[in-house]
Amino acid sequence: MHGSVFERLKPRLASLLDTPSMLAYFRCTHPTRGGMEALVIKLKIEGMTCGHCAMAVKQALAAVAGVQAPVEVSVEKGEAVVSGSPDPQALKAAVVEEGYVLTSWTVVN
Ligand SMILES: [Cu+2]
């Protein structure tokens, strides 16, 4: 259950909680893996134009607490795929700090 995660992160999530996909994330009841709540999350990111962009985003996302390696980034698709149980706000901040825009968030597995 991700309810416990929700309760813990709720105070920091006000700006993200208005999107249906975010609410779905916290209603997700995937089984835990190795004692960790692990999800696969697809992020749509605007502004990446080359391999350097992809590497910057990849390293920034990989450094976020709760993200498990490897992080997949596609410039062509304008997206990144991360797994683990990261704080959504921290993922968003990591993307923004690199100069890109996180436009959507989808739990794919
Ligand atoms: Cu670039």
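Note that the structure is predicted; figures quoted are calculated from it, not measured.

Caption draft 1: Just the overall build of the chain, in detail. The number of helices and strands found in the chain is 4 helices and 4 strands. From first element to last, N terminus to C terminus, the chain shows the α and β order α-α-β-α-β-β-α-β. Burial status across the chain gives 20% buried among its 109 residues. Partitioning the intrachain contacts of the chain with sequence separation of at least 6 by distance along the chain shows that 66% fall at a separation of at least 24.

Caption draft 2: Inspection of the pairing of strand 3 (residues 79–84) at higher detail. Residues Ala80, Val82 and Gly84 line the buried face of strand 3, whereas the alternating positions Glu79, Val81 and Ser83 sit on a face that is not buried. Judged from the 6 bridges that link them, strand 1 (residues 39–46) and strand 3 form a sheet pairing that is antiparallel. Within the sheet, the bridge partner assigned to Ile41 lies in strand 3 and is Val82. Where strand 2 (residues 67–74) lies against strand 3, 5 bridges are found, and the strand directions are antiparallel. If you follow Val67 over to strand 3, its bridge partner there is Gly84. Once strand 2 ends, the chain turns through 4 residues before running back antiparallel as strand 3, passing Gly78 with a positive phi of about 65°.

Caption draft 3: Local environment of the sheet that holds strand 4 (residues 101–107). Read across the open sheet, the 4 strands follow the order 2-3-1-4; overall the sheet is antiparallel. Lying at the two open borders of the sheet, with one neighbouring strand each, are strand 2 and strand 4. Ignoring which end each strand starts from, the neighbouring axes of this sheet average 20° apart. Where strand 1 and strand 4 come together, 6 bridges link them in antiparallel fashion. Each residue of the ladder has a partner; that of Lys42, found in strand 4, is Thr106. Together, strand 1, strand 2 and strand 3 form the strand contacts of helix 3 (residues 51–62), whose direction differs from that of strand 2 by roughly 160°. Lying over the sheet, helix 4 (residues 88–97) contacts strand 1 and strand 4, oriented at roughly 145° with respect to strand 4.

Rules and cut-offs
Residues numbered from 1 in each chain as written. Predicted model: local features only at pLDDT ≥ 70, side-chain atom pairs only at ≥ 80, totals over all residues. Helix = DSSP H or I, 4+ residues; strand = E, 2+ residues; numbered from the N terminus. Buried ≥ 20, exposed ≤ 12 C-beta atoms within 10 Å, placed from the backbone. Contact = placed C-beta atoms within 7 Å. Pairing = 2+ DSSP bridges. Axes fitted to C-alpha atoms, helices over the stretch in contact; angles between N-to-C directions.

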